[in-house]
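If you want the building blocks of each chain, they are given just below.
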There are 2 protein chains.
Amino acid sequence: MLSGARILFEFSTTRAQFALPSDLVYLDGNSLGPLPRNAEARLQQTLNAEWGPMLIRGWNDAGWMGLPERVGDRIAPLIGALPGTVTMGDTLSLKLFQALSAALELRPDRRVVLSDSGNFPSDLYMADALLKRLGGGAELRIVEPEQVADALDDSVAVLMLTEVDFRTGRRHDMRALTAAARGCGAVTVWDLAHSAGAFPIALDACGADFAVGCTYKYLNGGPGAPAFIYVNPAIIDQVTPLLAGWLGHASPFDFSRDYEPAPGIGRMRVGTPAVLALQVLDAALDIWDGVPLADVQAQSIALSELFIREVEARCPDLTLGSPRDPRQRGSQVSFHCEHGYPVMQALIANGVIGDFRAPDGMRFGFTPLYLSEQDVRKSVDVLAQILSSRSWDQPRFHARARVT
Amino acid sequence: MLSGARILFEFSTTRAQFALPSDLVYLDGNSLGPLPRNAEARLQQTLNAEWGPMLIRGWNDAGWMGLPERVGDRIAPLIGALPGTVTMGDTLSLKLFQALSAALELRPDRRVVLSDSGNFPSDLYMADALLKRLGGGAELRIVEPEQVADALDDSVAVLMLTEVDFRTGRRHDMRALTAAARGCGAVTVWDLAHSAGAFPIALDACGADFAVGCTYKYLNGGPGAPAFIYVNPAIIDQVTPLLAGWLGHASPFDFSRDYEPAPGIGRMRVGTPAVLALQVLDAALDIWDGVPLADVQAQSIALSELFIREVEARCPDLTLGSPRDPRQRGSQVSFHCEHGYPVMQALIANGVIGDFRAPDGMRFGFTPLYLSEQDVRKSVDVLAQILSSRSWDQPRFHARARVT
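Heads up: these notes are all about the structure in this document. (Residues numbered from 1 in each chain as written. Chains lettered and ligands numbered in written order. Predicted model: local features only at pLDDT ≥ 70, side-chain atom pairs only at ≥ 80, totals over all residues. Heavy atoms only, no water.)

## Some details on the sheet that holds strand β6 (residues 187–191) of chain A
All names here are of chain A.
Now for step 1: Sheet architecture is open: seven strands sit in the order β2-β8-β7-β6-β5-β3-β4, paired in mixed fashion. Here the strands that pair on one side only, and so sit at the sheet edges, are β2 (86–89) and β4 (139–143). The mean inter-strand angle of the sheet, taken between neighbouring strand axes irrespective of direction, is 20 degrees.
Now for step 2: As paired elements, strand β3 (residues 112–116) and strand β5 (residues 156–162) share three bridges and run parallel to each other. Residue pairing for β5: Leu114 is matched across the bridge by Leu159.
Now for step 3: Packed onto the sheet, helix α4 (residues 67–75) meets β2 and β8 (227–231) and runs at close to 120 degrees relative to β2. (Pairing = 2+ DSSP bridges. Helix = DSSP H or I, 4+ residues; strand = E, 2+ residues; numbered from the N terminus. Axes fitted to C-alpha atoms, helices over the stretch in contact; angles between N-to-C directions. Contact = heavy atoms within 4.5 Å.)

Right, dumping it as structure tokens:
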């Protein structure tokens, strides 16, 4: 182990549970986690032992209807939430919409949603559209990440932040900002897209009101896996869902005319659960059993520190785009690179997968569940070779056909 | 063939494509369609040839990012829509919310959303919550299904209907009501939950504005399969999405601060596509290739008429809860039954699967893709035997553990 300070969890046991190509170094698990080996068997079971023979009875007999809360209860300990406070469904943008719309109703006397320029654009788009449609002078106020604490005042209804910046990995101090928001009477909505599964999170201890996140990054639930939503149990009974779907009803199968929200987190459900995706996610979460998040963070820091050190020593044209202090980062690292796009394409063509974020960011994720120190060293070897040989400067690496 | 009037499509070819237990008669495909045999291979391909080896590159290299529109273009001909007018995602309730919120903006001068008491409760819940939150005196006006045409006047902003009643199968005249709505300047939102795959639909020819539907019933996409949304191409450019997620942005991977809706139907996308579910749905749609919907309807009518005739002859305590004229029904049939709940449980225990809808409805779906005349006769045999022997009157059949 790099730190030498203490014995970390033995991550070779988790690596073996992923079907990762042996010739790749995968530094993009912060965008899409790799395939868990147990996913196929879980899907086969869902098809051949559940959907096929049970048909409609699967909702009861295979427990499909309870999947959103059962899977939510497995995610809860990964984000510092109590059982019964997390449910699954839809996508992160929709869960953010649910959380923000509910948060606003808890402070109807205020008009400002405070966010920052490091937030993921979709969160800002969803907030813009909602506030504009609600009218009443609601305002989305966007400040620089460093100015958030100072911008909190008693005009703020909701503080809506993504904890870790998707471009740079810069990490907010959730505990301090949540406390500050609470101190001036604002409701908090945290987006944990780049947090959940990357390091320990303490939603309950911080007193966060709402949190949302996706499960296809560090939680390895697969492309388009369902999102999660957390609501602090102290306020859930005050939440009147704007997305008042039947499966968030207290008794959906009574088909009554009037909506009555389910008790607790169940009211944040909307429509029919995505059973196949939830089953794969549930299988993927098996890998997390017994894995200490503190060790995940410690080893991720060790790997990313090694990467930064090696890149700075061997690739002098690149400059660090992430905070230097690892305590102020999530588990990804960005470097500015003038020719970042073609360099990243060349890296990918040479078996090192990271991603590019405009205008000039090369982004690398360090996920110890399946990455070793050897992987990190290899990735820098390949990067340094590409840069020194200028092998990135080929038409095929400049072509912008990619959508992601 | 029952009708004798003409040669229908040979449905034994479609039945062979489903993994249906041989000892079951499945009359609940209107709730959850059966497992297509090709689903497993498609999932294996998605896992082992795409997600596993491609990882993040699957969004481009496996075409995942285009799945919502590619699958939408396969659904379009089933609902009488032009290519490029349908996209997939989320759940039916969310797609209804999108459609209704967009429809309201097309008539900002009016305040009434007209619907009927036969609409699915979730549609009414979603509309209630949206209208209440938007304020401004918006009103959800609910009339009896037979009164909809008369209730259309120039106060109506949106006519929001489910074409086929989930309880009784009663079917609205989409063409006439859409024309009437248009005549008084109202925007139409049709829910096709019990229509798509049951009979021919002519969205484009009717001039419908918006339509939404689910894919886990007659389209056999699996539990929680993604929903679809159609927007008439004549108005799509006027639609400002309330659910302004990044994947409905014109250039999502520019990560620009400002939302610019994608041209065309793409703006109705919200978040990351549910790839596994879309792949299964895409495979399920293979079964529809070359199947004439007119023949599906003709054979469904033949089967349901046989069922009604036999039940009325042999089960005198049951009374038809559906319109007697098959042209006024979808492809399901309901019977009132005083002890409907335990009778349905007894039916299921004896290998005939329908479902129960409170207060006293026994509901049966007739889907010729996998149902034969022999199946229908067998189901009535079992039903008549259960009723005449009163074998339904056992504690195990009264227990209300079921959630669906």
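Now, onward.
## Some thoughts on the pairing of strand β3 (residues 112–116) of chain B
Now for step 1: Among the five residues of β3(B), five are classified as buried, and the element is accordingly described as predominantly covered.
Now for step 2: As for the winding sense of the linkage, the β-α-β connection from β3(B) through helix α6 (residues 121–134) of chain B to strand β4 (residues 139–143) of chain B is right-handed. (Buried < 20%, exposed > 50% of the residue type's maximum accessible area, 1.4 Å probe, protein only. Right-handed = clockwise from strand over helix to strand, strands pointing away.)

## Considering the relation of the copies chain A and chain B
Now for step 1: With an RMSD of 0.0 Å, the fit of chain A onto chain B corresponds to turning through 180 degrees and sliding 0.0 Å along the axis. Classification of the inter-copy transformation places it as that of a two-fold axis.
Now for step 2: Here 100% of the interface residues in chain A have copies in chain B that are interface residues too; the copies meet face to matching face. (Least-squares fit on C-alpha atoms with pLDDT ≥ 70 in both.)

## Examining the packing of helix α12 (residues 340–349) of chain B against helix α13 (residues 373–389) of chain B
Residue and element names in this part refer to chain B.
Now for step 1: Put simply, α12 and α13 touch, their axes get as near as 10 Å, and they point 125 degrees apart. The angle between α12 and α13 places the two elements in the oblique class. Crossing of α12 against α13: the hand is right-handed. Counted together, Val343, Ala346 and Leu347 of α12 and Ser379, Val382, Leu383, Ile386 and Leu387 of α13 form the full contact between these two elements.
Now for step 2: Here the contact of α12 with α13 is composed, by residue class, of seven nonpolar, one polar and no charged. (Parallel < 35°, antiparallel > 145°, perpendicular 65-115°, else oblique. Left-handed = near helix turned anticlockwise from the far one by under 90°. Nonpolar A, V, L, I, M, F, W, Y, C, P; charged D, E, K, R; others polar.)

By themselves, these are just geometric observations and shouldn't be taken as functional.
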